[in-house]
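Listed here are the chains, written in short residue letters.
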Number of protein chains: 2
Amino acid sequence: MSFLTDLVPAELLSVFSASAGGEEGAAFENALLSLFILFLAAKAGEEIFRRIHQPGVIGELLGGFIVGPFALGLADVTLTATVFAELGVIILLFVVGLEVRIDDLFAVGPMALAVGIIGFILPIIAGTAVGFAIGVDNLSAVLIGLALAATSIGITSRVLAELGVLDRAFARVILGAAIVDDILALLAIGLLSGLAEGDLGVDTILVLIAGLVFVGVGLALAPLGRRLPREIFLWPKFADTPVVPVFIVMFAGALLATFVGLAAIIGAFVVGLIIAETPVREEVEHGFRSLVGIFTPFFFAVTGANIDLSALLDFELLIVVLVLTVLGVVTKLVGGIVGSFRLGKWNSIVVGLGMSPRGEVGIVVAALGLSLALVDNETYAILLAAVILTTLVAPVMLQWAIPRARRDERHDPDPEPGAA
Amino acid sequence: MSFLTDLVPAELLSVFSASAGGEEGAAFENALLSLFILFLAAKAGEEIFRRIHQPGVIGELLGGFIVGPFALGLADVTLTATVFAELGVIILLFVVGLEVRIDDLFAVGPMALAVGIIGFILPIIAGTAVGFAIGVDNLSAVLIGLALAATSIGITSRVLAELGVLDRAFARVILGAAIVDDILALLAIGLLSGLAEGDLGVDTILVLIAGLVFVGVGLALAPLGRRLPREIFLWPKFADTPVVPVFIVMFAGALLATFVGLAAIIGAFVVGLIIAETPVREEVEHGFRSLVGIFTPFFFAVTGANIDLSALLDFELLIVVLVLTVLGVVTKLVGGIVGSFRLGKWNSIVVGLGMSPRGEVGIVVAALGLSLALVDNETYAILLAAVILTTLVAPVMLQWAIPRARRDERHDPDPEPGAA
């Protein structure tokens, strides 16, 4: 880094890494520097993309990619960076939860259920068909389908927030459908792992029940948030504002969700829904603004830094990747249009596009397939590339479709009851 | 943690750890959970201490100690936790810098210089004498002195902020003296490492010059902050508020300081001094409040979790530890009283007490001694215990002395020109 750093033992370069030897001191230095480079790259990328009127989030992803290990290699995706990224998306989904009123979410419940279920089954069918076409065995084909089915709403949430449309019906349908999607993924992954390892027992059912109980109890508790007085959040002496107590509850909710097998962000989102009903909602929203600004760029930068598009370099693989990507977007689009047709044409298209990014959830499923030996390295690379492409394409298409959906709504002030 | 976590592959438990195998997935889970436990313990400790009218920071330290590896072992001090801690103290010192006007700091310059130099030389003499008394060789004796000389102002800063006295003359003297102290430590550590390794050349001098240039340029730039218009901070499209751009500058300043061999917190403090002169000071202060609330508890919790008092269990070692601790506090106290006698009795006592905690800086020096084979494991344990005791004792004594210093000031409204 600098000629000076060679002269001073690594342990002295910072306040910390005291107990560390030279190697751990260097790891600490690297973790801190990688964080800085990832953050800077995300912001520089966002800046450029905003100035050319493209979604800032794509700029953050590409910024992370450019400095990451698959391009310039300036920053490592350390465990620490991954933890920052995870907290970033936890905070993001918590804040999204703050913007949603539970009654509005319940109102779109049946629609969200339809979007979630249709948009989960169709990609499984399509992915399985592709699997058979490229000649893998049954379970492997299903895994390809499953990797194509799981949605990641981190990126969609960010685009919705950037365009200021989190209060729209289509946004609530997307969020509700994402919960349905996550529960279905939990079930399907449990089933598939059980089948692959040859022991499919009560365990899978227990995990599913725990997931359902978590979401059910969370949603049922949300309306009770209205009864919590502001004083409860300021009861701790350490709390001048509700920010720190709420941060603890959010973090606990995210961890609890992971313990029952759900994604951490579902837990954070549910806590956000609950806090949204309390009198401290605005204070919390205001106080969390800096946390969103500092933590969430790590999520996008790290996601970008993990982009490995090596499968695109081989022409035959590229074809499969593109087929999977198109099928991935189209099946979610059909899920959105069919499931939420009552919202009107453009609104239901936005729902479908919003469910399209597979992001890190698709990668997790692909990695699971690799660890269970259900897919080989080549198929893994294909899945990775397809998942990444759905993630990159969706924000651009959302940016194009959302203004049209808003215009639709303006023509029809109350689209819910029977717009289509 | 939960019976359910055994049923689901670790990779699925979170959004991330996608590229990870099971082992890295488990490390990720552990890092996230350890962060949560450390944060919760810090806040619980602060709560209890505040309710019994003791400094909250001691509660945070003890909370971290209790859940840490030397007590219950509920949380690991992972590399990630250490990075959070480092960012916590960087943010803390940046915010402290925001509270200080550069002209006020220059006004106490000569006093800070005196406090810093006297309070650095006396502990070296005392520590070296103890070293000779316990029969170690020359260089090792000097290292003991050096570990007793380096001050950590993270804890003092927190106490000063908690009591709302960062605007007092004694606070500025402490902050100025801490800069002097850090530069002297840089010089002394360079010299000692050079001597121990047998090559003392231009390198040492280069490091010192770089450190001096960094601080000199930083302090010289600070008044120019007044000329920066608010628009500069909001020029980036990604910036709705100055928080994110300023965060980047702060982080860069901290890294730059480490590259020239200074502590990261000196860099962050200097950036804080510069931002304090700009029109966005209040906005930044306001926006950083949540960041302080979320990051700084990790600094105290991790410092607490690293507390290893095993040397206190042996009676003979205990005597040496107590002698070193008393000498450590008394020498800094003399430095404060002699160096800032013009502030009046209680004010100068507070300065001396404020310089007393050795914290992680003392531990770093002790660890350096261990790595250079200047001290053996027993002496290292002694140093560690003495450093920790100065760190635990200082906040309690500050809490007792500061109200007296404030009463002093009230009797004499303008103590600067010649109070004593």
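Residues numbered from 1 in each chain as written. Chains lettered and ligands numbered in written order. Predicted model: local features only at pLDDT ≥ 70, side-chain atom pairs only at ≥ 80, totals over all residues. Heavy atoms only, no water.

## Brief notes about the packing of helix H13 (residues 281-305) of chain A against helix H13 (residues 281-305) of chain B
Rules: Axes, fitted as lines to C-alpha atoms, cover a helix only where it is in contact. Angles between the N-to-C directions of the axes lie from 0 to 180 degrees. Helix and strand definitions follow DSSP, with helices as H or I runs of at least four residues and strands as E runs of at least two, each counted in order from the N terminus. With respect to orientation, any angle under 35 degrees is reported as roughly parallel, any angle over 145 as roughly antiparallel, any angle of 65 to 115 as roughly perpendicular, and every other angle as oblique. Contacts were defined at the residue level, with two residues in contact if any of their heavy atoms lie within 4.5 Å. Three residue categories are used. Nonpolar comprises Ala, Val, Leu, Ile, Met, Phe, Trp, Tyr, Cys and Pro, charged comprises Asp, Glu, Lys and Arg, and polar comprises the others, including Gly.
Following both chains from N to C, one finds H13(A) and H13(B) inclined at 75°, their axes separated by 8 Å at the closest point. Relative to H13(B), H13(A) is oriented roughly perpendicular. Of the residues in H13(B), those in contact with His286(A), Gly287(A), Ser290(A), Leu291(A), Ile294(A) and Phe295(A) of H13(A) are His286(B), Gly287(B), Ser290(B), Leu291(B), Ile294(B) and Phe295(B). Of the residues assigned to the contact of H13(A) with H13(B), the class counts are six nonpolar, six polar and no charged.

## Focus: the pattern of salt bridges
Here is the rule: Any Lys or Arg side-chain nitrogen located within 4 Å of an Asp or Glu carboxyl oxygen qualifies as a salt bridge. Each residue is placed in one exposure class: buried if its accessible area under a 1.4 Å probe, protein chains only, is under 20% of its type's maximum, exposed if it is over 50%, and partly exposed if it falls in between.
For the structure on display, the rule yields 26 salt bridges over all chains. Between Asp167(A) and Arg168(A) there is a salt bridge, with the nearest N and O atoms lying 3.9 Å from each other. Of the charged contacts in the structure, one is a salt bridge between Glu46(B) and Arg50(B), with a shortest N-O distance of 3.1 Å. Remark: Arg50(B) and Glu46(B) occur in helix H1 (residues 22-51); sequence separation between them is four residues, near one turn of the helix. Judged by relative accessible area, which is 27%, Arg50(B) ranks as partly exposed.

## Examining the nonpolar core
This is how the line gets drawn: The definition of a nonpolar core used throughout is a set of buried Ala, Val, Leu, Ile, Met, Phe, Trp, Tyr and Cys residues joined through side-chain atoms within 4.5 Å.
Of all hydrophobic cores here, the largest spans 265 residues; its most connected members are Phe94(A), Phe170(A), Phe288(A), Phe94(B), Phe170(B) and Phe288(B). By size, the runner-up hydrophobic cluster in this structure holds 38 residues, among which are Leu146(B), Ala147(B), Ala149(B) and Ala381(B).

## A word on the environment of Gly352(B)
Residue and element names in this part refer to chain B. Relative to the assigned elements, Gly352 resides in helix H15 (residues 345-354). For Gly352, a relative accessible area of 0% corresponds to the buried category. Separated by 20 residues in sequence, Gly352 and Lys332 place their C-alpha atoms 5.1 Å apart. The contacts of Gly352, once residues within four sequence positions are left out, are Lys332, Leu333 and Gly336.

## Here's the deal with the environment of Glu282(B)
Residue and element names in this part refer to chain B. Following the sequence through the fold, Glu282 ends up in helix H13. Residue Glu282 is classed as exposed on the basis of its relative accessible area, which comes to 60%. As a C-alpha pair, Glu282 and Val396 span 114 residues in sequence and 30 Å in three-dimensional space.

None of this, on its own, says anything about what the molecule does.
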